[in-house]
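Chains, contacts and geometry: an overview
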Amino acid sequence: MIRNFLPVFFLFLFSFQMVAQDNTVGLLSYDITRSYQGYTLIYPHNQPSVFLLDNCGEIVHEWPDSSNFRPGNTAYLMDDGRLIKTKRNASIAGDSIWAGGGGAIVEIRDWDNQLLWSYELNNADARLHHDIEPLPNGNILMLAWERKTNAEAIAAGRRPDLLNQTVLWPDYLFEINPTNDEIVWEWYAWDHLIQDFDSTKQNYGVVSEHPELIDLNWDTNDAKADWMHSNAIDFNNELNQVMISVPQFHEIWVIDHSTTTAQAASSNGGRSNKGGDLLYRVGNQQAYKKGDADDQILFYQHDTHWANEFLPDNHPFAGHMVCFNNRVGPDFSTVEIFEAPWNMYITDYEPFDGTWPPYEFTNTIYHPDTTAVYSTGLSSAQLLPNGNTLICSGRQGYIFELTPSNEIVWEYVTPLKRGASVTQGDSLVLNDNLTFRAFRYPPEYSAFDNRDLTPSGYIELEPEEDFCNKITSVNFPEEYDFALYPNPSNGFIHLTWNTGEIIDIKVTDMLGRTRILERGNGGMKYLDVSSLEANIYFVIIDNKWIKKLVLQR
């Protein structure tokens, strides 16, 4: 199970909680009846370890590393228990390419932390940074900077006044096969440029007429070499597409992964026959000279991804795009959820008047105390299977879980100061406990099969070890407050109940035969019953509480 936390400067109390002290770090609050049970993976900055925590904030597993290394910046737990993580040397002295988010090394380690594979890219010409994406075929997609001289940039059409360093670092992606270190696919932003500054240089054209290309002279990073600063990549296996978060453009880009490397360098080929040109972009029309500041809806976003991992098909936002919108306000951040206009019949995203919707986000999540969450960088958001959302405000090291009705049901503050454990009761300030992302895995995740997940202590020093028991010691309603809707249903139902236990859910027919058997977690469940024929059924939880379900077609 998992624990939760609050920012160090405030504490929320819930009707289900008894609070023995005002914790400042680690677990701050936990509504066991509504929080999604599972295990949360964090990889805090300024130290080398990856931690897996239960809902009480205790460590159930750790992948330690030498103090000579730091996150580079993400880690992923695979379904077989392997950990794929990024890292870099703690010292960056003498590195030819360096900016915030810089990486260098990608490793695969087994559950017992034995090194299985390692790859490094950090030299004068290129450097890994920010994120990777493990692919279903076993390969790994990596994000890197490549070096271009000022002369090369000017020849491509870059304005000289937008070059205040001797180099420019555009981003590129490559896919590598860890079994033989073969690079099997590449995409370079440099192959898809346009500029309207100098007609005598390469890539000249009308920027507003080519939103599928990247304006070489769009710059919001004070003409530094780190021109794009892409900070997240994601893969959609169904669409065979890659999503890239480009915060200096305040945009999300989508490109076609069905191309060959040669096609990805062109404007032809692949499923959509657009080569490596942008299939879709959203967030800031100014970046391709369509619209103005009033049309901007993304502001230095992080953790952009398709919501599909562990979500049931009937989750209301399954398949939608999600991101943490860092600088949407002068003193607050939000989480955005939206649906992109993919048209399967034309295998393309449908633009409107040369731009792509949405033009405003209809699903925006705020912290209940709006200005309590503000992170100018880092951060993440995860839609959980029960309908809740897990949010990490990275510069505050503050992770919290919200219900669909915007109630906090779990909070945790990373108990580190510059990488060193702090004592319970200590106060932290902004940037003390940087946490790039947080991700919760369900308890039935196959990575945990036959693993010892016995809690082994806390990250913080002098923890109140009975704190979680005290705040989760509640009298659960005898009848669970079990409800389901809609009823009658045409194939998808939403169950709610009120207990902290992981429950068994069974659907039987009129003859008492079990037709569906699943488990429920976190007080809510989206249940797909579309495989059943139109008839009357019974939905039973924990072999105790029964509701009649009418299934229509």
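An account of the accompanying structure is given in this report. (Residues numbered from 1 in each chain as written. Predicted model: local features only at pLDDT ≥ 70, side-chain atom pairs only at ≥ 80, totals over all residues. Heavy atoms only, no water.)

Let's shift gears to the overall build of the protein chain. Tallying secondary structure elements over the protein chain gives 3 helices and 40 strands in all. Along the longest, intermediate and shortest principal axes, the C-alpha atoms of the protein chain span 80 × 60 × 50 Å. Taking all 553 residues of the protein chain together, 59% fall into the buried category. At a minimum sequence separation of 6, the contacts of the protein chain that also span at least 24 residues come to 61%. Summing over all exposed atoms, the protein chain offers an accessible surface of approximately 21,600 Å²; the carbon and sulfur share of this is 47%. (Helix = DSSP H or I, 4+ residues; strand = E, 2+ residues; numbered from the N terminus. Buried < 20%, exposed > 50% of the residue type's maximum accessible area, 1.4 Å probe, protein only. Contact = heavy atoms within 4.5 Å. Areas by Shrake-Rupley, 256 points an atom, 1.4 Å probe, with all protein chains shown as cover.)

Under the criterion given, the structure shown has 1 disulfide. Between the sulfur atoms of Cys56 and its disulfide mate Cys468 the distance is 1.9 Å. Residues Cys56 and Cys468 share a disulfide whose torsion about the S-S bond is about -55 degrees; that sign makes it left-handed. Here Cys468 lies in helix α3 (residues 467-471) and Cys56 lies in the loop between β3 (50-53) and β4 (59-63), a separation of 412 residues in the sequence. The exposure class of Cys56 is buried, given its relative accessible area of 6%. Sulfur of Cys323: no disulfide; nearest cysteine sulfur belongs to Cys392 and is 15 Å away. (Disulfide = S-S within 2.5 Å.)

In terms of nonpolar packing, the biggest core is built from 29 residues, with Leu173, Trp187, Ile214 and Phe249 touching the most fellow members. With 3 residues, strand β18 (residues 241-246) is the single largest residue contributor to this core. When neighbours within four sequence positions are excluded, Phe249 is seen to be in contact with Ile214, Asp215, Trp218, Trp227, Met228, Arg281, Asn284 and Ala287. (Core = buried A, V, L, I, M, F, W, Y, C linked by side-chain atoms within 4.5 Å.)

Let us look at the side chain of Asp277. Summarising the element assignment, Asp277 is placed in the loop between α2 (261-264) and β20 (280-282). Nearest to the buried, unbridged Asp277 among oppositely charged side chains is Lys274, at 7.9 Å. One polar contact links Asp277 to Ser267, side chain to side chain, over a distance of 2.8 Å. Once residues within four sequence positions are removed from consideration, Asp277 is found in contact with His192, Glu212, Leu213, Ile255, Ser266 and Ser267. (Lys, Arg positive; Asp, Glu negative; His and termini not counted. Salt bridge = Lys/Arg side-chain N within 4 Å of Asp/Glu carboxyl O. Polar contact = N/O pair within 3.5 Å; in protein donor to acceptor, adjacent residues only side chain to side chain.)

Another aspect to go through is the sheet that holds strand β5 (residues 69-77). Strand order in the open sheet made by the 4 strands is β5-β6-β7-β8, with antiparallel pairing throughout. A strand with exactly one partner marks an edge of an open sheet, and here the two such strands are β5 and β8 (115-120). Taken pair by pair, the neighbouring strands of this sheet meet at an average axis angle of 20 degrees, ignoring direction. Sheet analysis places strand β6 (residues 83-89) next to strand β7 (residues 105-109), joined by 5 bridges and oriented antiparallel. (Pairing = 2+ DSSP bridges. Axes fitted to C-alpha atoms, helices over the stretch in contact; angles between N-to-C directions.)

Moving on, we get to the sheet that holds strand β36 (residues 503-508). Sheet architecture is open: 4 strands sit in the order β37-β36-β39-β40, paired in antiparallel fashion. Of all the strands in the sheet, just β37 (514-520) and β40 (545-551) have a single pairing partner and so form its edges. Recorded for the sheet is a direction-independent mean angle of 20 degrees between the axes of neighbouring strands. As paired strands, strand β39 (residues 535-541) and β40 are joined by 7 bridges and run antiparallel to one another. Bridged to Asn535 within β40 is Leu551.

Counted by the stated rule, this structure contains 25 salt bridges. We note a salt bridge from Lys201 to Asp198, for which the minimum N-O separation is 3.0 Å. Since its relative accessible area comes to 29%, Lys201 is described here as partly exposed. For Asp198, a relative accessible area of 18% translates into the label buried. Each member of the salt-bridge network shares a partner with another, and the members are Asp65, Lys85, Lys87, Glu107 and Arg109.

Applying the stated rule across the entire model yields 25 aromatic pairs. Seen in terms of ring centroids, Tyr280 and Trp356 are 6.3 Å apart; in terms of plane orientation they differ by 75 degrees. Their pairing is edge-to-face. One end of the pair, Tyr280, is in strand β20; the other, Trp356, is in the loop between β25 (348-349) and β26 (363-365), and 76 residues separate them in sequence. For the pair formed by Tyr280 and Trp356, the shared burial category is buried. Here Phe338 and Phe361 contribute two aromatic rings whose centre-to-centre distance is 5.0 Å and whose plane-to-plane angle is 35 degrees, an arrangement assigned as tilted. Taken together, the residues Phe338 in strand β23 (residues 334-338) and Phe361 in the loop between β25 and β26 connect sequence positions 23 residues apart. Accessibility classification places Phe338 together with Phe361 in one group, the buried group. Through a chain of ring-to-ring contacts, three or more aromatic side chains come together here, namely Tyr39, Trp63, Trp111, Phe310, Phe439, Tyr441, Tyr445 and Phe448. Above the ring of Phe69, the side-chain terminus of Lys87 is found at 3.8 Å from the ring centroid. A cation sits over an aromatic face here: Arg440 above Trp410, 4.4 Å from the ring centre. (Phe/Tyr/Trp six-rings, centres within 6.5 Å; stacked < 30°, edge-to-face > 60°. Lys NZ or Arg CZ within 6 Å of the ring centre and 35° of its normal.)

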